[in-house]
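Residues per chain are reported as follows:
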Amino acid sequence: MRRTILSEEEIQTICSMIGRQLSSRYRFSDEPPVAICVMNGAIPFASDLLKNVNIPIIIDYIQLSTYRNSESNGNVIINKDISTNLQNRDVIIIEDIVDSGISLNFLTDYIFKKYRPKSIVSVSLISRISKRKVSVKIDYLGKEIDEDSFLVGYGLDYKKMFRNERYVFVPSQEEIEEWDKLVKE
């Protein structure tokens, strides 16, 4: 039986809270901040979060790869880069989950060195400290968890499926076995 980690209601509460905090932080900025959504996983979270930001904001995307066969190999590859000029801009990195910290650490360093923004803050729906390999700062966090269970839903996938679920859950072994029959990698 699947076990809920974050319900739809909890997620919407997190989006509302962080949206208000970001709105307050950047209310008097000279230029709109640029939100960078880390694809594909953060798309649902970024969409709901940014609906709760009530100031002008620019949205862009970056797509990274670090996972092979559900394990991070530590090497970060940029599949799709940012298209907005970030020089001297306030940048908000939006992640679905921070596990090892390798991707967020890489991305923060990459944006800082390549684009020279005015500031960078990070937002993540979930932080899983039990998997942390490098120390990273998450400025706005929805929920911190300790467990190592595989998480699915609301952007988090199993073999590229189930990102469209409205909540985050731990699937049952029976579900995983059924899903494995659907997709052969």
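Residues numbered from 1 in each chain as written. Predicted model: local features only at pLDDT ≥ 70, side-chain atom pairs only at ≥ 80, totals over all residues. Heavy atoms only, no water.

Student: How would you summarise the pairing of strand β5 (residues 90–98) if you had to cite specific residues and measurements?
Tutor: Of all the nine residues making up β5, nine are buried; the element is thus mostly covered by neighbouring parts of the structure. Pairing of strand β2 (residues 34–39) with β5 involves four bridges; the strand directions are parallel. In the strand pairing of β5, I36 is matched with I93. With respect to chirality, the unit in which β5 leads through helix α3 (residues 102–115) into the neighbouring parallel strand β6 (residues 119–128) is right-handed. (Buried < 20%, exposed > 50% of the residue type's maximum accessible area, 1.4 Å probe, protein only. Helix = DSSP H or I, 4+ residues; strand = E, 2+ residues; numbered from the N terminus. Pairing = 2+ DSSP bridges. Right-handed = clockwise from strand over helix to strand, strands pointing away.)

Student: Outline the side chain of D60, listing residues and values.
Tutor: On the secondary structure map, D60 appears in strand β3 (residues 58–68). Only 2.7 Å separates the side chain of D60 from the side chain of T84, close enough to count as a polar contact. Every residue in contact with D60, bar those within four places of it in the chain, is listed here: V34, A35, I36, C37, K80, I82, S83 and T84. (Polar contact = N/O pair within 3.5 Å; in protein donor to acceptor, adjacent residues only side chain to side chain. Contact = heavy atoms within 4.5 Å.)

Student: Explain the pattern of salt bridges residue by residue, including any values.
Tutor: Under the counting rule described, the total for this entry stands at 14 salt bridges. A salt bridge links R2 to E175; the shortest N-O distance between them is 2.5 Å. Of this pair, R2 sits in the segment before β1 (3–6) while E175 is found in helix α4 (residues 173–182), placing the two residues 173 residues apart along the sequence. Taking relative accessible area as the criterion, R2 reaches 26% and is therefore assigned partly exposed. With a shortest N-O distance of 3.8 Å, R89 and E31 are connected by a salt bridge. (Salt bridge = Lys/Arg side-chain N within 4 Å of Asp/Glu carboxyl O.)

Student: Lay out the environment of F112 with the relevant residues and their values.
Tutor: Assignment of secondary structure puts F112 in helix α3. Sequence spacing of F112 and G41 is 71 residues, and the spatial spacing of their C-alpha atoms is 22 Å. Here F112 is in contact with P117 and I120, once residues within four sequence places are set aside.

Student: A description of the packing of aromatic side chains should follow, citing residues and the corresponding values.
Tutor: In the structure shown here, the tally under the stated rule is seven aromatic pairs. Their ring planes at 75 degrees and their centres at 6.4 Å tell us that F169 and W179 sit as a pair that is edge-to-face. With F169 in strand β8 (residues 168–170) and W179 in helix α4, the pair connects residues that are ten residues apart, well separated along the chain. Exposure remark for W179: the relative accessible area of 6% places this residue in the buried category. Here the guanidinium or amino end of R2 rests over the ring plane of F169, the centre of that ring lying 3.8 Å away. One cation-aromatic arrangement involves R116 over F112; the distance from NZ or CZ to the ring centre is 5.1 Å. (Phe/Tyr/Trp six-rings, centres within 6.5 Å; stacked < 30°, edge-to-face > 60°. Lys NZ or Arg CZ within 6 Å of the ring centre and 35° of its normal.)

Student: Account for the nonpolar core, with residues named and values stated.
Tutor: If you look at soluble globular proteins, the nonpolar side chains tend to sit buried side by side. Counting 31 residues, the largest nonpolar core has L22, F45, I94, I126, L151 and V168 as its most contacted members. Elements represented by at least two residues in this core include exactly β1, α1 (8–26), β2, α2 (43–50), β5, β6, β7 (140–145) and β8. Considering every element that reaches this core, the biggest residue donor is α1, with six residues. For V168, the contacting residues outside a window of four places in its chain are R3, T4, I5, L6, I11, L125, I126, L151, V152, G153, Y154 and L156. (Core = buried A, V, L, I, M, F, W, Y, C linked by side-chain atoms within 4.5 Å.)

Student: Account for a nonpolar patch on the surface, with residues named and values stated.
Tutor: On the surface, a nonpolar cluster with roughly 240 Å² of combined accessible area is contributed by I43, I59 and Y61. Mapped onto the fold, I43 is located in helix α2. For I43, a relative accessible area of 36% gives the class partly exposed. (Patch = residues over 30% accessible without salt bridge, like charges linked within 9 Å, V, L, I, M, F, W, Y side chains within 5 Å. Areas by Shrake-Rupley, 256 points an atom, 1.4 Å probe, with all protein chains shown as cover.)

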